[in-house]
Amino acid sequence: GEIVPELEQLIQALPDQLLDFAQAEQQLRQGMLKVAQRLLENWAEVADLAVQRPCCPKCGVPMRHKGRAPSSVMSTLGEVEYRRPRWRCQECHEESYPHDAVMCFLEHRVSWTLAKVASRLAAQLASFEEARDTLEEDYDVHLAKETVRDVAEDAGQYVLRQEDELRRRIQALQA
């Protein structure tokens, strides 16, 4: 509902002169990122939340659904707020949020796509600070330098584990 007026405002705010192309491009890019972030957030509110009933990771008892808990994830489009299903074990009171494994990169509150972009930037640039600054400039995404470092390091470890697993499978097939 509110997306169309935002697009109309974006169009109205464009400069009149073709010579202001660079300014128009920047305005549209920033505005479209904000619209896309809002679309992603709106979609997260209405998307199907169905998951198979999880069992407690500690004691194995099937968990019970306990409503939806507010959360957020930083994406390449900015911060996206959503409500995710909460599951709780009646026996040991352990809680589980199955959607986090899909929406968030490992234990970080960043999306898998943002983790990939941040990791690439960190690998290409001279410092985690430069990677953070580039994310701010190019994506209008604000992360701490330490978060960029942690995500990049964990992404490197994740890739190495996947490669090791692939090597093990190939060796097992050859044996």
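Scroll up to find the structure.
Residues numbered from 1 in each chain as written. Predicted model: local features only at pLDDT ≥ 70, side-chain atom pairs only at ≥ 80, totals over all residues. Heavy atoms only, no water.

Student: Hey, could you run me through the pattern of salt bridges in this one?
Tutor: Where charged atoms from two side chains of opposite charge come close, those side chains can pair. In this structure the tally under the stated criterion is 13 salt bridges. Notably, a salt bridge pairs Arg167 with Asp164, separated by 2.5 Å at the nearest N-O pair. One end of the pair is Arg167 and the other is Asp164, both in helix α6 (residues 145-174) and three residues apart, which spans about a single turn. The class for Arg167 is partly exposed, based on a relative accessible area of 44%. (Salt bridge = Lys/Arg side-chain N within 4 Å of Asp/Glu carboxyl O. Helix = DSSP H or I, 4+ residues; strand = E, 2+ residues; numbered from the N terminus. Buried < 20%, exposed > 50% of the residue type's maximum accessible area, 1.4 Å probe, protein only.)

Student: Is there a simple way to explain the sheet that holds strand β3 (residues 95-96) in this structure?
Tutor: The strands making up a sheet associate through hydrogen bonds between their backbones, and the pairing can be parallel or antiparallel. Sheet architecture is open: three strands sit in the order β1-β2-β3, paired in antiparallel fashion. Across the chains shown, the open sheet's two edge strands, defined by having one partner strand only, are β1 (64-75) and β3. The pairing of strand β2 (residues 78-88) with β3 spans two bridges and is antiparallel. For Arg88, the partnering residue across the bridge sits in β3 and is Glu95. Running over the sheet, helix α2 (residues 21-46) touches β1 and β2 and is turned about 15° from β2. (Pairing = 2+ DSSP bridges. Contact = heavy atoms within 4.5 Å. Axes fitted to C-alpha atoms, helices over the stretch in contact; angles between N-to-C directions.)

Student: Help me out: how do you make sense of helix α5 (residues 128-139) in this one?
Tutor: Residues spaced three or four apart along an α-helix point in a common direction, a consequence of the helix completing one turn every 3.6 residues. Between its terminal C-alpha atoms α5 stretches 16 Å, which fits the 16 Å expected from twelve residues at 1.5 Å a residue. Looking one or two residues past α5, Asp140 carries a phi angle of roughly 55°, positive in sign. (Expected span 1.5 Å × (residues − 1).)

Student: Sorry if this is basic, but what is going on with the pairing of β2 here?
Tutor: Residues in a regular strand project their side chains so that they alternate between the two faces of the sheet. Bridge count between β1 and β2: ten bridges; the pairing is antiparallel. Bridging from a neighbouring strand, Val73 pairs with Val80 of β2. The antiparallel hairpin formed by β1 and β2 contains two residues in its connecting segment.

Student: Can you help me understand the layout of surface pockets in this one?
Tutor: Remark: the empty space left among the atoms is shown by a probe the size of a water molecule rolled over them. By volume, the largest pocket is sized at about 170 Å³. Lining the largest pocket, in full, are Leu40, Trp43, Ala44, Val73, Ser75, Thr76, Leu77, Val80, Met103, Ser111 and Thr113. The set of elements that each furnish at least two residues to the lining of the largest pocket consists of α2 and β1. Among the elements that make up the lining of the largest pocket, the one with the highest residue count is α2 (three residues). Residue composition of the lining of the largest pocket, by class: seven nonpolar, four polar and no charged. (1 Å grid on protein atoms, 1.4 Å probe; cavity = no way out; pocket = protein on both sides within 12 Å on 5 of 7 lines; lining within 4 Å. Points joined across faces, edges and corners; volume = space filled by probe spheres on them. Nonpolar A, V, L, I, M, F, W, Y, C, P; charged D, E, K, R; others polar.)

Student: Sorry if this is basic, but what is going on with the nonpolar core here?
Tutor: Soluble globular proteins: nonpolar side chains tend toward being buried together. If you look at the biggest cluster of nonpolar residues, it comprises 17 residues, and the most contacted ones within it are Met74, Phe105, Val110, Leu114, Leu135, Leu143 and Val148. Residue assignment for this core shows that the elements contributing at least two residues are α4 (112-124), α5 and α6. Considering each element in turn, this core owes the most residues, six residues, to α4. Ignoring sequence-local partners within four residues, the contact set of Met74 consists of Glu79, Arg109, Val110, Ser111, Leu114, Val141, His142 and Leu143. (Core = buried A, V, L, I, M, F, W, Y, C linked by side-chain atoms within 4.5 Å.)

Student: How should I be thinking about the packing of aromatic side chains in this particular structure?
Tutor: In this description, an aromatic ring pair is defined by two values, namely the gap between the centres and the angle between the planes. Here the structure, examined in full by the defined rule, presents three aromatic pairs. On the numbers, 5.1 Å between centres and 90° between planes, the contact of Phe105 with Trp112 is edge-to-face. We classify Phe105 as buried; its relative accessible area is 3%. With a centroid separation of 5.4 Å and an interplanar angle of 65°, the aromatic rings of Trp112 and Tyr158 are classed as edge-to-face. Placement of Trp112 in helix α4 and of Tyr158 in helix α6 is noted, with a sequence separation of 46 residues between them. Tyr158 gets classed as partly exposed once you look at its relative accessible area, which sits at 24%. An aromatic cluster of at least three residues, connected via ring pairs, comprises Phe105, Trp112 and Tyr158. Against the face of Tyr97 rests Arg84, its NZ or CZ located 3.7 Å from the ring centre. (Phe/Tyr/Trp six-rings, centres within 6.5 Å; stacked < 30°, edge-to-face > 60°. Lys NZ or Arg CZ within 6 Å of the ring centre and 35° of its normal.)

Student: What is the right way to read the packing of helix α1 (residues 3-12) against α2 from this model?
Tutor: When two helices pack together, their arrangement is given by the angle between their axes and by how far apart the axes lie. It is at 10 Å that the axes of α1 and α2 come closest, and there the two elements cross at 175°. Judged by the angle between their axes, α1 and α2 are roughly antiparallel. Across the interface between the two elements, Ile3, Glu6, Leu7 and Leu10 from α1 touch Gln27, Leu28, Gly31, Met32, Val35, Arg38, Leu39 and Asn42 from α2. Class assignment of the residues belonging to the contact of α1 with α2 gives a composition of seven nonpolar, three polar and two charged. (Parallel < 35°, antiparallel > 145°, perpendicular 65-115°, else oblique.)

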